[in-house]
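Structure assessment
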Amino acid sequence: MANTRNAKTLGETIREARTPKGSLREFAKKLDITPSYLSDIENDRRVPAEDVLRRIADLLGLDFDELMAKAGRFGEDADRYMRRHPTAGVLFRQLSDSNLADDDLAKLLKKAEELAKKRGGQK
Amino acid sequence: MKTYRARATGELRLWFKPGEIDDWMEVELRKANLYPTADDPVVDIERFVDRHLGVDLEQYAPLKCTVLGETRFEPGKKPKILINKSLTEIAVDEEDVEPWLRSKWRMTMAHEATHVLLHRGLYPSDDSQQMLFSVEDDNSSDGQNHAYQCLEKSLDAPGRGDWREVQANKGMAALLMPKSLFLVLYQAERERMAADSKPLLKGSPEASRIAKTLGRLFDVSVQSVEIRIQELNLFANPGQVQLL
């Protein structure tokens, strides 16, 4: 489950995880992006594409969902799901309007995970 | 390290004993496990800043073209070192980089690193603390956040200017040319030139040759090596030569 309490930005999270593992240039090379682009990501000037974010998560052992959340992205699958099920969008807007606290969101997330489990992991 | 009050302004300043900054930087390099060797005397300054210093390093910062680097101290945050994006791109990322450009980038990085080491204590680490010293700072907009900017001219005129910039330049030299190793390589070069018994005069062809060689070995500018030789009192003065 994603840690919704972590207040670090996307760039800070990536930089903190990357620093002990290698230099900016070494890591950019592994990601097949320019060091300048990675620097922009680490300093929250640019939000990476989903595939880049997934590679970052894989290489640094970070939670992809948490990175996506920090990036303010739902992801392509979630976007498709929202288009197929407009109620999901309504649910999200209601959550946003209610301004629920982290604890409440964690409960809802747990409930969603339980429902998904019952349905055999269906999305 | 001591503090004293400047007579003209009443401002509190830091004062280091001769050799104190040298000793400090040697300790920091050893703590970081990055003390260079005679076989490989180039200090990995990027690794030192990125992994040892406990700062946020931004190597592609959109700074004004006249600013090579900047160090920011903000309450509640790690110090931040910014290096001009244009400098990093031409000094590191381009293929076939000119050695003097790479040296300039390394010297900027070391200069900013030294601000953090020497001057971090001048600023409160969080909002609840008072500043330890009254610091006049043109870059402070709200009296809490402070930034040092390293301009092209700061690196070119290391003996002049703001006292903090002078100290940062001394620290930069001590980080990139650690004293113990510098003396070893200087002596070796003097012996190689078969000139160890002759006094080395500032501005002489020998001095120029040795500065070039050491500059290449340490990956720093020739000018910074000449200043290092002078500060370590390795130049003979003309009076000495006449006596000899």
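Each remark here, short or long, concerns the structure printed above.
From a predicted model like this one, the values you see are computed outputs, not experimental measurements. (Residues numbered from 1 in each chain as written. Chains lettered and ligands numbered in written order. Predicted model: local features only at pLDDT ≥ 70, side-chain atom pairs only at ≥ 80, totals over all residues. Heavy atoms only, no water.)

With that out of the way, let us pick up the interface of chain B and chain A. With 18 residues of chain B in contact, the opposing surface of chain A contributes 16 residues. At the boundary of chain B with chain A, total buried surface from both sides reaches about 1200 Å², with 34% on carbon and sulfur atoms. Sorting the residues of chain B by area buried against chain A places Asp50(B), Arg51(B) and Tyr60(B) first, and these three jointly supply 42% of that buried surface. Here chain B is connected to chain A by 5 salt bridges. Close ionic contact of Arg15(A) with Asp56(B) constitutes a salt bridge, the shortest N to O distance being 3.1 Å. The interface formed by chain B and chain A holds 11 residue pairs in polar contact (both at pLDDT 80 or more) in total. Of all elements in the fold, only helix H2 (45–52), strand E3 (56–61) and helix H3 (85–93) of chain B reach the threshold of two or more residues within the side of chain B that touches chain A. The biggest single contributor to the side of chain B that touches chain A is E3(B), with 6 residues. A breakdown of the residues in the side of chain B that touches chain A according to their chemical character gives 6 nonpolar, 2 polar and 10 charged. (Contact = heavy atoms within 4.5 Å. Buried area = accessible area lost by both parts, 1.4 Å probe. Salt bridge = Lys/Arg side-chain N within 4 Å of Asp/Glu carboxyl O. Polar contact = N/O pair within 3.5 Å; in protein donor to acceptor, adjacent residues only side chain to side chain. Helix = DSSP H or I, 4+ residues; strand = E, 2+ residues; numbered from the N terminus. Nonpolar A, V, L, I, M, F, W, Y, C, P; charged D, E, K, R; others polar.)

Looking now at helix H7 (residues 86–98) of chain A. Taking 1.5 Å per residue as the helical rise, H7(A) with its 13 residues ought to reach 18 Å, and the 19 Å between its terminal C-alpha atoms agrees with that figure. Phi turns positive one or two residues past the end of H7(A), at Asn99(A), with a value near 50 degrees. (Expected span 1.5 Å × (residues − 1).)

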